[in-house]
Amino acid sequence: MGEHVIKLPDVGEGVAEAELVEWHVKVGDLVREDAVLAAVMTDKATVEIPSPVDGEILWLGAEIGDTVAIGSPIVRLKVAGEGNVKAEIGRGDAPEASAPAKSAEPKAEPQPSTPKPAPKPADPQAKVSPAAAPKAARPASISGVPRAEGEKPLASPAVRLRAKEAGIDLRQVPGSGPAGRINHEDIDAFVARGPQVARATGLARKDGVEDIKVVGLRRKIAEKMSLAKSRIPHITYVEEIDVTALEELRATLNKEKRADRPKLTLLPFLMRAMVKAIGEQPNLNALFDDDAGIIHQHEGIHIGIAAQTPNGLVVPVVKHAEARDLWDSAVEVNRLADAAKAGTASREELSGSTITITSLGAMGGVATTPVINYPEVAIVGVNKIMVRPVWDGTQFIPRKMMNLSSSFDHRVIDGWDAAVFVQRIKALLETPALIFVD
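Values in this document were obtained by computation on a predicted structure and should not be read as measured data. (Residues numbered from 1 in each chain as written. Predicted model: local features only at pLDDT ≥ 70, side-chain atom pairs only at ≥ 80, totals over all residues. Heavy atoms only, no water.)

### Details of the sheet that holds strand S3 (residues 30–31)
Short version of the rule: Strand pairing requires that DSSP identify at least two bridges connecting the strands. Strands are runs of DSSP state E lasting at least 2 residues, helices are runs of H or I lasting at least 4, and numbering of each runs from the N terminus.
Strands sit in the order S1-S8-S6-S3 across an open sheet of 4 strands; the sheet is antiparallel. The open sheet has two free edges, formed respectively by strand S1 (2–7) and S3, since each of these has just one partner strand. As paired strands, S3 and strand S6 (residues 55–60) are joined by 2 bridges and run antiparallel to one another. Opposite Leu30, over in S6, you have Glu56 as the bridge partner.

Shown next as structure tokens:
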């Protein structure tokens, strides 16, 4: 038997380090070749790290939330044959064979005071991880009882997320892992037998507190929002827009569109209106380097589209919107949105914006206060369309109305300039034929 060290591979050109966001294995697990060991994230792209060999996990070199340099050892396995430890130790960059195994448990999930029971040697599947074995290989016990009040259940972030999305109280789920750790098989067993245990307590008082470590994309979002709010004095301007004519035009174009063209949403029209408005006020299409005291005013208009994904908020970028017509803009928005939701958007596609649109669609509310995408100087927020009575001088008539909530960096954009910009967009959207006039 030998030992095999796995290092963090190169996960992207120019990337020197990555953040560990999830372990799929723990010390003692048996894994097979190509089984996913961990997930790391860099520049909002998550990459899974597979095992190149079969073996047993002896050591894990990082914890959830740690930043790991490319080429650093992250996993050590016991393997059949010689392994690669001797060669690695010869270069002085792998852990010593005698080094104690590092706990795979995240710091945010402390172990209970009782020691872990040793795995039963009679059960050869007890160490097989979910990444390496079918779900039926390790059935969960269903004879467990709910935990005592205040006792925190042990589970990985992936299991906690699944339970949260399914509305399952993990305190009611018996765990079959070491020290009662809950795994995916335990969730499956709990769902299969029905939520009788959870219902038995009725309207029970809840006093528990779950500590959730902020890691991965959520931490990057938090850092960027804090930077934007701490360094940019925002001014937010809200304007009401009558989009009745625009919606009629959009419906007509969608009805008569060619089969190879996508369905038009509001965004391509707004993008074309922004391009025309920026042509008259190029200072809105800029990045402000406040450390150097320089405004980088761009000729190319690269519009970021803030998009909500299962992993959090990302901003894919439609490059050179000034060179795209209505249909080309729609195609690119759809392509980038699909890539962002699937987690396949590249770093190039998620960077380089010069101005941003944020929209919550039908959930858009009446008005919002968008946070500028630092270091840009402006962001345009789309609120939901509502039918409201509007006075036309003689009577109230139903019109489709929508608010634009736009924020500006007040250090470099005066309130008057912000109002002129929004009013120009309003005029173009209320008379959409103007969008097509050069």
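Continuing now.
### So, the packing of helix H7 (residues 266–280) against helix H9 (residues 415–430)
This is how the line gets drawn: To get an axis, a line is fitted to the C-alpha atoms, and for a helix only the part in contact is used. The angle between two axes follows their N-to-C directions and goes from 0 to 180 degrees. Each angle is binned into one of four classes, with values under 35 degrees roughly parallel, values over 145 roughly antiparallel, values of 65 to 115 roughly perpendicular, and all other values oblique. Each crossing gets its hand from how the near helix is turned against the far one by less than a right angle, where anticlockwise is left-handed and clockwise is right-handed. We call two residues in contact whenever any of their non-hydrogen atoms come within 4.5 Å of each other. Residue polarity follows a fixed list, in which Ala, Val, Leu, Ile, Met, Phe, Trp, Tyr, Cys and Pro are nonpolar, Asp, Glu, Lys and Arg are charged, and the others, Gly among them, are polar.
Between H7 and H9, the least distance of the axes is 9 Å, while the angle of their chain directions is 135°. When the interaxial angle is binned, H7 and H9 end up oblique. For the pair H7 and H9, the crossing hand works out as right-handed. In contact with Phe269, Leu270, Ala273, Met274, Lys276, Ala277, Ile278 and Glu280 of H7, H9 contributes Phe421, Arg424, Ile425, Leu428 and Leu429. Considering only residue class, the contact of H7 with H9 consists of 10 nonpolar, no polar and 3 charged.

### A look at the nonpolar core
Applicable threshold: Think of a nonpolar core as a cluster: buried Ala, Val, Leu, Ile, Met, Phe, Trp, Tyr and Cys residues, connected wherever their side-chain atoms sit within 4.5 Å. Whether a residue is buried, partly exposed or exposed follows from its accessible area with a 1.4 Å probe, protein chains only, as a fraction of its type maximum: under 20%, in between, or over 50%, in that order.
With 44 residues, the main nonpolar core has Ile303, Ile357, Phe421, Ile425 and Leu429 as its most contacted residues. Elements with a contribution of two residues or more to this core: H7, strand S10 (286–289), strand S12 (303–309), helix H8 (326–342), strand S15 (355–359), strand S16 (378–382), strand S18 (396–409) and H9. Among the elements that make up this core, the one with the highest residue count is H7 (10 residues). Sequence-distant contacts of Phe421, defined by excluding residues within four places in its chain, comprise Ala277, Ile278, Gln281, Leu284, Ile355, Val380 and Phe408. Ile6, Ile49, Leu77 and Val79 belong to the second-largest nonpolar core, a separate cluster that totals 24 residues.

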